[in-house]
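One-letter residues, chain by chain:
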Amino acid sequence: VSQSRYKVIQFLAKRCPSGSMALNIGAGSGYLESLLIQRGVVAHSLDPSELTIKRLNEEQGMAGRAKQGYCHRIPFPDRFFDYVIMTEVLEHIQKDYLDASLREVRRVLKNGGRLIGTVPYKEILRDNEVFCPHCKALFHRWGHVHSFDLRTLRHLMECNGLLVEKLHTTAFPDFARPNLRLLLRAVFRYILGRMGGPLIAPNIYFVCCRSA
């Protein structure tokens, strides 16, 4: 996990208060789950990898709260979670499943529950395409199939019954820098991120609420 990725995960974990029920979609390393558990959050996970789910249930002591599956068919009950977290997930979901996935997120959120997360901002997909010499196919190196700006992401959320509370560009610099020069660099990165400056590859941070 890169340093900037750590900062995103730490930022999102702090949005979930102790005692809340949270679902992380796209578990990955399990770092977010460990932070949530440390905060006293009742953490759950959803990931397509059976190995990832087995590791989370065993190493994080999640005792079955990590489940294998996909976000267009979330294997949890209606109105179950206070928070659903999707960080760098939506850009991977195939078009045919994108609306269904967000409707499923709305279904498992409690009334007033929140979807929080990030996506890349205005990614130029073709810039990250690579060619496979074996199958002769051109594909995105990280499997991204969507590029979002503020307007398209807001429209997507609202069309699937999610009320947008926060939606803006940002970066996640490290402000705990050992000297003034590095601290100023972090501040500059944050300002550029809020302005959507392409130089630092900003994210869109979103908070959406499930209305009744």
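Check the entry above for the structure.
Residues numbered from 1 in each chain as written. Predicted model: local features only at pLDDT ≥ 70, side-chain atom pairs only at ≥ 80, totals over all residues. Heavy atoms only, no water.

Visitor: Please provide a residue-by-residue account of the sheet that holds strand β8 (residues 162–170), values included.
Guide: The mixed open sheet is built from 7 strands, whose spatial order is β3-β2-β1-β4-β5-β9-β8. At either margin of the open sheet sits one strand with a lone partner, and together these are β3 (66–68) and β8. For this sheet, the mean inter-axis angle between neighbouring strands, taken without regard to orientation, is 15°. Inspection of the sheet shows β8 paired to strand β9 (residues 203–210) by 8 bridges, in the antiparallel sense. Its bridge partner being in β9, T170 is matched across the sheet by N203. Sitting on the sheet, helix α2 (residues 31–38) touches β1 (21–25), β2 (42–47) and β4 (81–87), and the angle it makes with β2 is about 165°. (Pairing = 2+ DSSP bridges. Helix = DSSP H or I, 4+ residues; strand = E, 2+ residues; numbered from the N terminus. Axes fitted to C-alpha atoms, helices over the stretch in contact; angles between N-to-C directions. Contact = heavy atoms within 4.5 Å.)

Visitor: Give me the packing of aromatic side chains: which residues, what numbers.
Guide: The final tally for this structure, using the stated rule, is 5 aromatic pairs. Among the aromatic side chains, those forming a connected cluster through ring pairs are F76, F80 and F81. Residue placement shows R15 over the ring face of F11; its charged tip is 4.1 Å from the ring centre. The residue whose ring lies beneath K67 is F76, and the NZ or CZ to ring-centre distance is 4.8 Å. (Phe/Tyr/Trp six-rings, centres within 6.5 Å; stacked < 30°, edge-to-face > 60°. Lys NZ or Arg CZ within 6 Å of the ring centre and 35° of its normal.)

Visitor: Give me the lowdown on the nonpolar core, citing residues and values where you can.
Guide: Among the nonpolar cores identified, the biggest contains 31 residues, and I25, V84, M86, L90, L115, L153 and M157 are the most heavily contacted of them. Secondary structure elements with two or more residues in this core: β1, β4, α4 (95–108), β5 (109–120), α5 (150–159), β8 and β9. If one sorts the elements of this core by residue count, α4 sits on top with 4 residues. Once residues lying within four places of it in the same chain are set aside, the contact partners of M86 are I25, C71, I93, V105, L115, I116, G117, T118 and F206. Counting 22 residues, the second largest nonpolar core, distinct from the first, contains V8, L32, A66 and I85. (Core = buried A, V, L, I, M, F, W, Y, C linked by side-chain atoms within 4.5 Å. Buried < 20%, exposed > 50% of the residue type's maximum accessible area, 1.4 Å probe, protein only.)

Visitor: Pulling in residues and values, what's your account of the pattern of salt bridges?
Guide: Taken as a whole and assessed by the stated rule, the structure comprises 6 salt bridges. With a closest N to O distance of 2.7 Å, D78 and R107 form a salt bridge. Here the residue D78 occupies a position in the loop between β3 and β4, and R107 occupies one in helix α4, the gap between them amounting to 29 residues. Overall, R107 belongs to the partly exposed group, its relative accessible area being 22%. Two residues, E165 and R114, come together in a salt bridge whose shortest N-O distance is 2.8 Å. Here E165 is found in strand β8, whereas its partner R114 is found in strand β5, with 51 residues between them in sequence. When its relative accessible area of 28% is taken as the criterion, R114 is described as partly exposed. If you follow the salt bridges from partner to partner, you end up with D78, E104 and R107 in one network. (Salt bridge = Lys/Arg side-chain N within 4 Å of Asp/Glu carboxyl O.)

Visitor: An account of the state of the cysteines is needed here, citing residue identities and associated values.
Guide: Within the structure shown, the criterion is met by 0 disulfides. For the unlinked cysteine C209, the closest cysteine sulfur is that of C208, found at 9.0 Å. (Disulfide = S-S within 2.5 Å.)

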